[in-house]
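Residues per chain, in single letters:
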Amino acid sequence: MRLWSLHPSYLDAVGLVALWREGLLARKVFQGQTKGYTRHPQLIRFRETENPLHTMGFYLKSVHDESVRRGYSFDAGKIFPCACRTSSILPLPDKQLEYEFHHLLNKLRKRSPQQYFLLQQTTSILPHPLFQVIPGSICTWEKYTQPQHHG
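Values in this document were obtained by computation on a predicted structure and should not be read as measured data.

The rules behind the values
- Position numbers for residues start from 1 in each chain and track the written sequence from start to end.
- pLDDT decides what is reported in this predicted model: residues at 70 or higher carry local features, side-chain atom pairs at 80 or more are listed and counted, and totals for whole chains, interfaces and linings draw on all residues regardless.
- Only hydrogens and water are set aside; all other atoms, that is, all heavy atoms of the structure, feed into the side-chain values.
- Under the DSSP-based scheme used, a helix requires at least four consecutive residues in state H or I and a strand at least two consecutive residues in state E, with every element numbered from the N terminus.
- Here the expected length of a helix is defined as 1.5 Å per residue gap, with one fewer gap than residues.
- When accessible area is computed with a 1.4 Å probe and restricted to protein chains, residues below 20% of their type maximum are described as buried, those above 50% as exposed, and intermediate ones as partly exposed.
- Throughout, a contact is declared for two residues whenever any of their heavy atoms are within 4.5 Å.
- Any pair of N or O atoms that falls within 3.5 Å is considered a polar contact. Within protein, one atom must be able to donate a hydrogen and the other to accept it, and sequence-neighbouring residues count only if both atoms are side-chain atoms.

Novice: Whenever I open this one, helix α4 (residues 94–111) confuses me. Can you help?
Specialist: Residues lying three or four places apart along an α-helix face the same way, a consequence of the helix completing one turn every 3.6 residues. Taking 1.5 Å as the rise per residue, α4 with 18 residues should run 26 Å; its terminal C-alpha atoms sit 26 Å apart, in good agreement. Along α4, the positions that sit buried rather than exposed are Q96, L97, Y99, E100, F101, L104, L105 and L108. As for α4, its buried residues are in contact with α2 (44–47), β1 (90–93), α5 (113–120) and β2 (131–134).

Next up, the structure:
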């Protein structure tokens, strides 16, 4: 499971579909509708909010918005009713955002060379709308591997 902190616009088609599915799975975890993935590290920051289900709904709403922008037909009924806003804007350490961006680049190098090429030119990385970037290091829940440099 990977619940990207990056803005969904950075993902290729495969990545956006995977994020939608994994976000729906996370939502089921918070609804108590699945026994798997309940202790997955990617869920920690959502679980720490006042209302994890509400926060996940907002997260998925932004993924759905990106799918609409691309002309995809993700079923919004799977996340509604959901909040169009959340009172929980989560802090995101800048090093975590950078790590995830390079992690995505590594995935795209083979899977989507055109998207890889476009993203290599990114000078300012945008977070998912749920997050506000703050100074800090890679999150403790991240399965950290040394990133490969691109350039």
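Novice: Mind showing me how you'd approach the side chain of Q96 here?
Specialist: In this fold, Q96 is placed in helix α4. Residue classification places Q96 among the buried positions, given a relative accessible area of 0%. A polar side-chain atom of Q96 sits 2.8 Å from a polar atom in the side chain of E100. In contact with Q96, other than residues within four places in its own chain, are R2, S137, I138, C139, W141 and E142.

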